[in-house]
Amino acid sequence: MLITRKVEFSASHVCRNPRLSDEENQRVFGLAANPNGHGHNYLLEVSLEGDPDPVTGMVFDLKEMKEVLNREVVEPFDHRFLNHEVPPFDRVIPTPENIARDIWRRIEPHFAGRGGRLHSVRLYETPDLYVDYFGEQPCSA
Amino acid sequence: MFRVTRRYQFAASHRLHAPVLSDEENRRVYGKCNNPFGHGHNYVMEVSARGPADAETGAAVDPRRLDELVAREVLGPFEHRNLNCDVDAFRHLTPTSENLAVEICRRLKRSWSTMFPGEWPKLEKVRIAETARNIFEMDAHEIP
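Predicted model, so just to flag it, every value in this text is computed and none were measured.

## Focus on the pattern of salt bridges
Residues and elements named next belong to chain B.
Alright, step 1. Under the criterion given, the structure shown has 27 salt bridges over all chains.
Alright, step 2. Salt-bridge contacts for Asp-88 lead to Arg-91; the nearest nitrogen and oxygen are separated by 3.3 Å.
Alright, step 3. Residues Arg-106 and Glu-103 are paired through a salt bridge, measuring 3.8 Å at the closest nitrogen-oxygen approach. Of this pair, Arg-106 and Glu-103 both sit in helix H4 (residues 97-110), three residues apart, which is roughly one turn of the helix.

## What to know about the interface of chain A and chain B
Alright, step 1. Each partner contributes residues to the interface: chain A has 27 residues there, and chain B has 21 residues.
Alright, step 2. Both sides together, the interface formed by chain A and chain B hides about 2100 Å², and carbon and sulfur atoms give 46% of it.
Alright, step 3. On inspection of chain A and its partner chain B, the count reaches three salt bridges.
Alright, step 4. The residue Asp-128 of chain A makes a salt bridge to Arg-7 of chain B at a minimum N-O spacing of 2.7 Å.
Alright, step 5. Listing elements by their share of the side of chain A that touches chain B, those giving two or more residues are helix H1 (22-29), helix H4 (96-111) and strand E5 (129-133) of chain A.
Alright, step 6. Of the residues assigned to the side of chain A that touches chain B, the class counts are 13 nonpolar, seven polar and seven charged.
Alright, step 7. Relative to strand E1 (residues 2-14) of chain B, E5 of chain A runs antiparallel, the two being bridged by five bridges. The residue of E1 of chain B that forms the bridge with Val-131 of chain A is Val-4 of chain B.

## Some remarks on the pairing of E5 of chain A
Residues and elements named next belong to chain A.
Alright, step 1. Along E5, five of the five residues are buried, which leaves the element largely enclosed by surrounding structure.
Alright, step 2. Burial of the side chains of E5 extends over both faces: Leu-129, Val-131 and Tyr-133 are buried on one face and Tyr-130 and Asp-132 on the other.
Alright, step 3. Linking two consecutive strands that pair antiparallel, namely strand E4 (residues 117-126) and E5, is a turn of two residues.

## Overview of the state of the cysteines
Residues and elements named next belong to chain B.
Alright, step 1. Overall, the coordinates contain zero disulfides over all chains when judged by the stated rule.
Alright, step 2. Cys-85 forms no disulfide, and the closest cysteine sulfur to it belongs to Cys-33, at a distance of 16 Å.
Alright, step 3. With a relative accessible area of 45%, Cys-85 lands in the partly exposed category.

## Here's the deal with the packing of aromatic side chains
All names here are of chain A.
Alright, step 1. Enumeration over the complete set of coordinates arrives at 10 aromatic pairs over all chains.
Alright, step 2. Relative to Phe-89, the ring of Phe-77 lies with its centre 6.3 Å away and its plane at 80°, an arrangement referred to as edge-to-face. You can see Phe-77 sitting in helix H2 (residues 62-77) and its partner Phe-89 sitting in the loop between helix H3 (82-85) and H4, a full 12 residues away along the chain. Considered together, Phe-77 and Phe-89 belong to a single accessibility category, that of buried residues.
Alright, step 3. With 4.4 Å between their ring centres and 40° between their planes, Tyr-124 and Tyr-130 make a pair best called tilted.
Alright, step 4. Given a relative accessible area of 14%, Tyr-124 falls into the buried group.

## Section: the pairing of strand E2 (residues 38-49) of chain A
All names here are of chain A.
Alright, step 1. Direction of pairing for strand E1 (residues 2-13) relative to E2: antiparallel, over a ladder of 12 bridges. Across the sheet, Arg-5 pairs through a bridge with Val-46, a residue of E2.
Alright, step 2. Relative to E4, E2 runs antiparallel, the two sharing seven bridges. Residue pairing in the sheet places Glu-45 in a bridge with Arg-122 of E4.

## Thoughts on the environment of Pro-144 of chain B
Alright, step 1. As for its position among the elements, Pro-144 of chain B is in the segment after strand E5 (135-139).
Alright, step 2. On the basis of relative accessibility, which here comes to 94%, the residue Pro-144 of chain B falls in the exposed class.

The rules behind these values
- Sequence order as written defines residue numbering, which begins from 1 separately in each chain.
- Each chain gets a letter, beginning with A, and each ligand a number, beginning with 1, in the order they are written.
- Totals for whole chains, interfaces and linings use all residues, but because this is a predicted model, local features are given only for residues with pLDDT of at least 70 and pairs of side-chain atoms are given and counted only at 80 or more.
- No hydrogens and no water enter the side-chain calculation; it runs on all heavy atoms of the structure.
- For salt bridges, the criterion is a side-chain nitrogen of Lys or Arg within 4 Å of an Asp or Glu carboxyl oxygen.
- By the criteria applied, helices consist of DSSP H or I runs no shorter than four residues and strands consist of E runs no shorter than two, each listed in order from the N terminus.
- For this analysis, residues touch if any pair of their heavy atoms sits within 4.5 Å.
- Values labelled buried area give the accessible surface lost by two parts on being combined, using a 1.4 Å probe and summing over both.
- The classification used treats Ala, Val, Leu, Ile, Met, Phe, Trp, Tyr, Cys and Pro as nonpolar, Asp, Glu, Lys and Arg as charged, and all other residues, Gly among them, as polar.
- A pair of strands is labelled paired if DSSP reports no fewer than 2 bridges between them.
- Only protein chains enter the accessibility calculation, which uses a 1.4 Å probe; a residue is then buried when its area is under 20% of its type maximum, exposed when over 50%, and partly exposed in between.
- Any cysteine sulfur atom paired with another within 2.5 Å is treated as part of a disulfide.
- Think of it this way: a Phe, Tyr or Trp ring, Trp meaning its six-membered ring, pairs with another when their centres are within 6.5 Å, and the plane angle makes it stacked under 30 degrees, edge-to-face over 60, tilted otherwise.

Encoded structure:
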């Protein structure tokens, strides 16, 4: 069974690779490469997979899940400029793919070995673009 | 591995009518959707592709390339069109949203490699919401 909790945060970012020229960055990232950055209302959906506990009837305590997401993601990310204020995005390009992977790494230890195993991180950059990340997997899937 | 999903919208009309059935059977099977003059929907379509993040760009899918492909293969030919009359595939095939999802997968797959020439990303699925309540999802791997 999957259980999913949503949280939101607003943050700014810029997508540039310092090894590329301004012109190449513009070509690869488009408007997202504008040097002073821009922002999004990110929506994060985190899903845990597991069986309901026979005593509580719950896969995982959603209150605790909310605390983990607020502490590990919302507090460090909300109303921040990711490239300047939230490592590793001083050196990792904050594409939605990389943000989703970083969120996975931040929260996964808090669910490991418990009732619910982290199944997926879905990050909406806008309502029209989102990324699902399922952890490190071989590229055969 | 990442799955990247992009959402698009288009408005189109259609009529559900199977030529092998009688008029009465068509009315029974399709109900209001069999109205001879057709009717329309604001279709919401999600296109999902799967792949690893590129080491240079940190992106698994370039959304702008996907936009270009979807605009050329789907939005251009379908937007503000009558699917039965204006899209060849539906001249003799009922444009149910099931068939629409299959046709969209076919269109995206046939020119996928022109836009994404590498091994990755791969088209994974197309999800069509005909209305907010009726949703159809097609696994692209099932389409040859």
